[in-house]
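# Structural features, examined
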Amino acid sequence: LSDNIVALCRIRAECRHARRTLCFVPEVNIEIKSIVDDIDLRSSISLTGFEELCHDLLADLMKPVEKELEKVRFNKSNFKDIILVGSLTRLPFVR
């Protein structure tokens with residue numbers, strides 16, 4: 001499967017769709033027909049499962065933000081409002 005570029009592109013596309021859908025529903029089904037040799041891929045993932053899977057990556061994303069805030073001597077109490085942009089901002093971990 002790792003050598004099949006078309007299959008990998010289909011998996012990435014379906015995963016992106018699932019990530020966006022998880023912003024609105026607690027669980028999403030993933031289904032790709034005939035991914036390889038007429039084999040179908042079916043799975044589901046919950047928002048909690050997705051957050052657990054991505055927790056380390058999301059935590060790493062916050063490190064540069066926290067570092068820059070420390071440089072300018074800002075802390076969370078200095079902010080009245082924060083504007084979040086992008087689909088990942090709907091995840092409870094990011095909020």
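Residues numbered from 1 in each chain as written. Predicted model: local features only at pLDDT ≥ 70, side-chain atom pairs only at ≥ 80, totals over all residues. Heavy atoms only, no water.

### Description of the overall build of the protein chain
Operational definition: Labels follow the DSSP assignment, with helices taken as runs of H or I lasting at least four residues and strands as runs of E lasting at least two, numbered in each case from the N terminus. Note on classification: 1.4 Å probe, protein chains only; a residue is buried when its accessible area is under 20% of the maximum for its type, exposed when over 50%, partly exposed between these limits.
The helix and strand inventory of the protein chain stands at two helices and two strands. Seen in sequence order, the protein chain has helices and strands lined up from the N terminus as α-β-β-α. The buried share of the protein chain, reckoned over its 95 residues, is 18%.

### Quick look at the pattern of salt bridges
Filter applied, for reference: Salt bridges, as used here, are contacts in which a Lys or Arg side-chain nitrogen is within 4 Å of a carboxyl oxygen on Asp or Glu.
Overall, the coordinates contain five salt bridges when judged by the stated rule. Linking Glu 31 and Lys 33 is a salt bridge whose minimum nitrogen-to-oxygen distance equals 3.2 Å. Exposure remark for Glu 31: the relative accessible area of 38% places this residue in the partly exposed category. Where Lys 63 meets Asp 60, a salt bridge forms, and the shortest distance between an N and an O atom there is 3.2 Å. Taken together, the positions of Lys 63 and Asp 60, both in helix α2 (residues 47–71) and three residues apart, correspond to about one turn of that helix. Overall, the relative accessible area of 51% leaves Lys 63 in the exposed class. Through salt bridges with shared partners, one network takes in Glu 31, Lys 33, Asp 40 and Arg 42.

### Examining unusual backbone geometry
Positive phi, normally seen in glycine, also occurs at Asp 37, with a value near 50°. Topologically, Asp 37 is positioned in the loop between β1 (27–36) and β2 (39–46). Positive phi outside glycine occurs at Asp 38, with the angle close to 60°. You can see Asp 38 is positioned in the loop between β1 and β2. Assessed through its relative accessible area of 69%, Asp 38 is described here as exposed.

### Considerations on helix α1 (residues 5–21)
In plain terms, the rule: Take the residue count of a helix, subtract one, and multiply by 1.5 Å to get its expected span. Residue contacts follow a heavy-atom distance rule, with two residues in contact if any of their heavy atoms lie within 4.5 Å. Pairs of N or O atoms are called polar contacts if they sit within 3.5 Å, as long as, within protein, a hydrogen donor faces a hydrogen acceptor (for residues adjacent in sequence, only side-chain-to-side-chain pairs).
For α1, spanning 17 residues, the distance from its first C-alpha to its last is 24 Å, which sits close to the expected 24 Å at 1.5 Å a residue. For α1, the elements touching its buried residues are β1. The distance from a side-chain oxygen at the start of α1 to the backbone nitrogen of Val 6 is 3.2 Å, and the residue carrying that oxygen is Asn 4.

### Some details on the nonpolar core
The following threshold applies: Residue types Ala, Val, Leu, Ile, Met, Phe, Trp, Tyr and Cys, when buried and joined through side-chain atoms within 4.5 Å, form a set referred to as a nonpolar core.
Core analysis: the biggest nonpolar cluster contains nine residues, these being Ala 18, Leu 22, Val 28, Ile 30, Ile 45, Leu 47, Phe 50, Cys 54 and Leu 58. For this core, the secondary-structure elements that each account for two or more residues are β1 and α2. Sequence-distant contacts of Ile 45, that is, excluding residues within four places in its chain, are made with Leu 22, Pro 26, Glu 27, Val 28, Ile 30, Phe 50 and Leu 53.

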